[in-house]
Amino acid sequence: MISLADIEDESMQELPDGMTSIRPVSKLKENTPEFNEEKDKCLKYFEQWNETEQLEFVEHLITRMCHHQHGQINSYLKPMLQRDFITALPKKGLDHIAESILSYLDAKSLCAAELVCKEWYRVISDGMLWKKLIERMVRTDTLWRGLSERKGWCAYLFKGKHGETPKPNSFFRTLYPKIIGNIELIENNWRCGYHGLHRIQCQSENSKGVYCLQYDETRIVSGLRDNTIKIWDRNTLQCTQVLTGHTGSVLCLQYDDKVIITGSSDSTVRVWDVETGEMMNTLIHHCEAVLHLRFSNGMMVTCSKDRSIAVWDMTSPTDISLRRVLVGHRAAVNVVDFDDKYIVSASGDRTIKVNSY
């Protein structure tokens, strides 16, 4: 009969980088002197061999062992092969790599990672990973972006305001669940119909049709069938400005903090001062209605019923020049968009074309 006292406790083995493995030692009796002497000789020979020879020798040993012995070897090797790389990387001066790895986590996984150990929590905190998670959502989700502008916490994201003290990671850690709560409330309101409805009557003497609009926190800019652009106060819903100059319906528009640019069925593109409403430029190129336009970072793209796409360089509101014309669609080009690599267009010819530039 074997008593518990005959079984030795498992011994702890210290590994590099502060890792510890448990080595199962299940000796039921003391080794004989002959065994110890032969074992020492084997180890002496083993240490004299190079790595390739050592591996070959171990492979031969393993192939001669029983299945349950393989299991014991596996339980011995498994903790030795485990590495806490998030803890190890900062010790090598590679904090940025640890932060980069954890930055790919979603919110639930980031919460779990904080609880792993103090070092993981420190990497997440020092790397401002909750802030980076919120920034990633704002860049990729329009609901997050709109909410950030509406609630004002967009001021704390990205580079922030010059001279302002940056918020700590704990601020963004607390902010994240509040944002989720706001989003759930918005989605629930839309689902259940808990939303306020306000109407703006755009009827004029000639027509009441509205073809396009864009809005922000202070204004709503609309393009009408009566050839005008009307600007409305977002809070009072009263018309504050009427821009005239087009001789056809205003079919598309876009504005930023400096200009409003509009396209019309009169085939022209016009540029207006966003504050004064003054017409600053008129671009004549298309021979039929301008159906859509987009501009950003000194470049503008317009598309038309004439089946063409025009690419413009915008040095200033008064200095806009045609760079190139893209053709290929066999019907009116209804919509266009672009980024730093591609211009994408959709047409009545039932195709979407992707142009690289």
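Residues numbered from 1 in each chain as written. Predicted model: local features only at pLDDT ≥ 70, side-chain atom pairs only at ≥ 80, totals over all residues. Heavy atoms only, no water.

Chemist: How should the pairing of strand β15 (residues 333–338) be read in this particular structure?
Modeler: A regular strand carries its side chains on alternate faces of the sheet. Relative to strand β16 (residues 342–347), β15 runs antiparallel, the two being bridged by 5 bridges. Paired with Val-336 across the two strands is Ser-345, which belongs to β16. Where β15 hands over to β16, the hairpin turn is made up of 3 residues, counted between the paired strands. (Pairing = 2+ DSSP bridges. Helix = DSSP H or I, 4+ residues; strand = E, 2+ residues; numbered from the N terminus.)

Chemist: Explanation requested: the sheet that holds strand β10 (residues 279–284) in the structure shown.
Modeler: The strands making up a sheet associate through hydrogen bonds between their backbones, and the pairing can be parallel or antiparallel. Taking strand neighbours across the sheet as the criterion, the 4 strands line up as β7-β8-β9-β10 in an open arrangement whose pairing is antiparallel. Only two strands of the sheet have a single partner each, and these edge strands are β7 (250–255) and β10. Taken over all neighbouring pairs, the strand axes of this sheet differ in orientation by 20 degrees on average, direction set aside. Sheet topology note: the β7/strand β8 (residues 259–264) ladder contains 5 bridges and is antiparallel. Residue Tyr-255 lies in a different strand from β8, and its bridge partner there is Ile-260. (Axes fitted to C-alpha atoms, helices over the stretch in contact; angles between N-to-C directions.)

Chemist: How should I be thinking about the sheet that holds strand β13 (residues 309–316) in this particular structure?
Modeler: Read across the sheet, 4 strands follow the order β11-β12-β13-β14 without closing on themselves; strand pairing throughout is antiparallel. Of all the strands in the sheet, just β11 (290–296) and β14 (319–326) have a single pairing partner and so form its edges. Neighbour-to-neighbour, the strand axes of this sheet turn through a mean angle of 20 degrees, independent of strand direction. Taken together, the 7 bridges between β13 and β14 define a ladder with antiparallel strand orientation. The residue of β14 that forms the bridge with Ala-310 is Val-325.

Chemist: Any chance you could explain the packing of helix α6 (residues 107–114) against helix α7 (residues 118–126) here in plain terms?
Modeler: Closest axis-to-axis distance for the α6/α7 pair is 8 Å, and the angle between their directions is 130 degrees. Between α6 and α7, the angle falls in the class oblique. Contact with α6, carried on its side by Leu-110, Ala-113 and Glu-114, involves Trp-120, Tyr-121 and Ile-124 of α7 and no other residues of that element. Across the contact of α6 with α7, the residue classes break down as 5 nonpolar, no polar and 1 charged. (Parallel < 35°, antiparallel > 145°, perpendicular 65-115°, else oblique. Contact = heavy atoms within 4.5 Å. Nonpolar A, V, L, I, M, F, W, Y, C, P; charged D, E, K, R; others polar.)

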